[in-house]
Amino acid sequence: FTPDHRRVLEMTADTLLKLGRLEDATNAARRGLLSSPSSASLSRTLGAALFENQRRVEAEIWLARATALAPQVGALRLSHVSVLFALARLEEAETKCRALILDGHDGPDARFWLGRVLWSLSRHDEAGRHLDQALAGQPNLARDIEFVRLSITPDDFAGLASPHS
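What counts and what doesn't
- Residues numbered from 1 in each chain as written.
- Predicted model: local features only at pLDDT ≥ 70, side-chain atom pairs only at ≥ 80, totals over all residues.
- Heavy atoms only, no water.
- Helix = DSSP H or I, 4+ residues; strand = E, 2+ residues; numbered from the N terminus.
- Buried < 20%, exposed > 50% of the residue type's maximum accessible area, 1.4 Å probe, protein only.
- Areas by Shrake-Rupley, 256 points an atom, 1.4 Å probe, with all protein chains shown as cover.
- Lys, Arg positive; Asp, Glu negative; His and termini not counted.
- Charge placed at Lys NZ, Arg CZ, Asp CG, Glu CD.
- Contact = heavy atoms within 4.5 Å.
- Phe/Tyr/Trp six-rings, centres within 6.5 Å; stacked < 30°, edge-to-face > 60°.
- Axes fitted to C-alpha atoms, helices over the stretch in contact; angles between N-to-C directions.
- Parallel < 35°, antiparallel > 145°, perpendicular 65-115°, else oblique.
- Left-handed = near helix turned anticlockwise from the far one by under 90°.
- Nonpolar A, V, L, I, M, F, W, Y, C, P; charged D, E, K, R; others polar.

### Describing the overall build of the protein chain
- Check the secondary structure of the protein chain and you find 9 helices and 0 strands.
- A principal-axis box enclosing the C-alpha atoms of the protein chain has dimensions of 60 × 40 × 25 Å.
- Looking at the 165 residues of the protein chain, the share that counts as buried comes to 41%.
- When the accessible surface of the protein chain is summed, it comes to about 9,300 Å², and 55% of that surface belongs to carbon and sulfur atoms.
- Across the protein chain, the mean location of the 20 positive side-chain charges is 5 Å away from that of the 21 negative side-chain charges.

Take a look at the structure:
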């Protein structure tokens with residue numbers, strides 16, 4: 001297929017995803033990948049549609065593939081981090097966030113996600129520093145950051161007596 005044909009396939013799948021037509025977006029992305037298997041865009045769209053359709057394990061596979069095809073795209077890598085977070089693969093999400101920042105994608109969104117992951121790992125002091133950096137760079141993250149800081153983590157239950165003891 002020509003690059004123009006591939007771009008039409010990518011735009012079709014992406015448009016269907018934006019319209020909330022998840023099954024149609026999934027099918028369009030899969031069809032497109034048959035003819036353009038190295039398309040990071042189609043892999044991302046398929047991953048996003050699967051995620052929105054609660055098929056998170058499959059979504060992670062396609063987003064991992066998309067990031068391997070286009071590692072220079074920071075937003076794509078953050079999408080992968082968000083799926084890893086949703087799957088509670090927190091250590092892996094932390095590693096990917098740190099790599100993203102080291103690769104020069106040190107924006108507020110990367111700091112937010114690193115802070116969110118670290119908070120869930122009960123590393124509140126370190127998380128707080130990253131969340132503060134995210135807020136300084138993007139004040140409209142204030143509500144999301146407050147939500148993270150109010151999240152309950154396993155350490156919040158440490159020392160509580162078991163109801164079965």
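### Considerations on the environment of F112
- Structurally, F112 can be placed in helix α7 (residues 108-120).
- Between the C-alpha atom of F112 and that of S41, which follows or precedes it by 71 residues, the distance is 24 Å.
- Dropping the residues within four chain positions of it, F112 is found in contact with L131, A134, L141, D144, I145 and V148.

### Quick word on the packing of aromatic side chains
- For the structure shown, the criterion picks out 2 aromatic pairs.
- Seen from their ring centres, F85 and W113 are 5.6 Å apart, and the 70° between their planes marks the pair as edge-to-face. Taken together, the residues span a long stretch of sequence, with F85 in helix α5 (residues 74-86) and W113 in helix α7 at a distance of 28 residues.
- The class of F85 is buried, set by a relative accessible area of 18%.
- Since its relative accessible area comes to 15%, W113 is described here as buried.
- A ring pair is formed by F112 and W113, whose centres lie 5.8 Å apart and whose planes are at 80°; its orientation type is edge-to-face. Judged on exposure class, the residue F112 and its partner W113 are both buried.
- Ring pairing ties together the aromatic residues F85, F112 and W113, which thus form one cluster.

### Brief notes about the packing of helix α4 (residues 56-69) against α5
- It is at 9 Å that the axes of α4 and α5 come closest, and there the two elements cross at 155°. As judged from the angle between their axes, α4 and α5 are roughly antiparallel. The handedness of the crossing between α4 and α5 comes out as left-handed. Residues R56, E60, L63, A64, A66 and T67 of α4 lie in contact with α5, whose contacting residues are L76, R77, S79, H80, V83, L84 and A86.
- Residues of the contact of α4 with α5, tallied by class, amount to 7 nonpolar, 3 polar and 3 charged.

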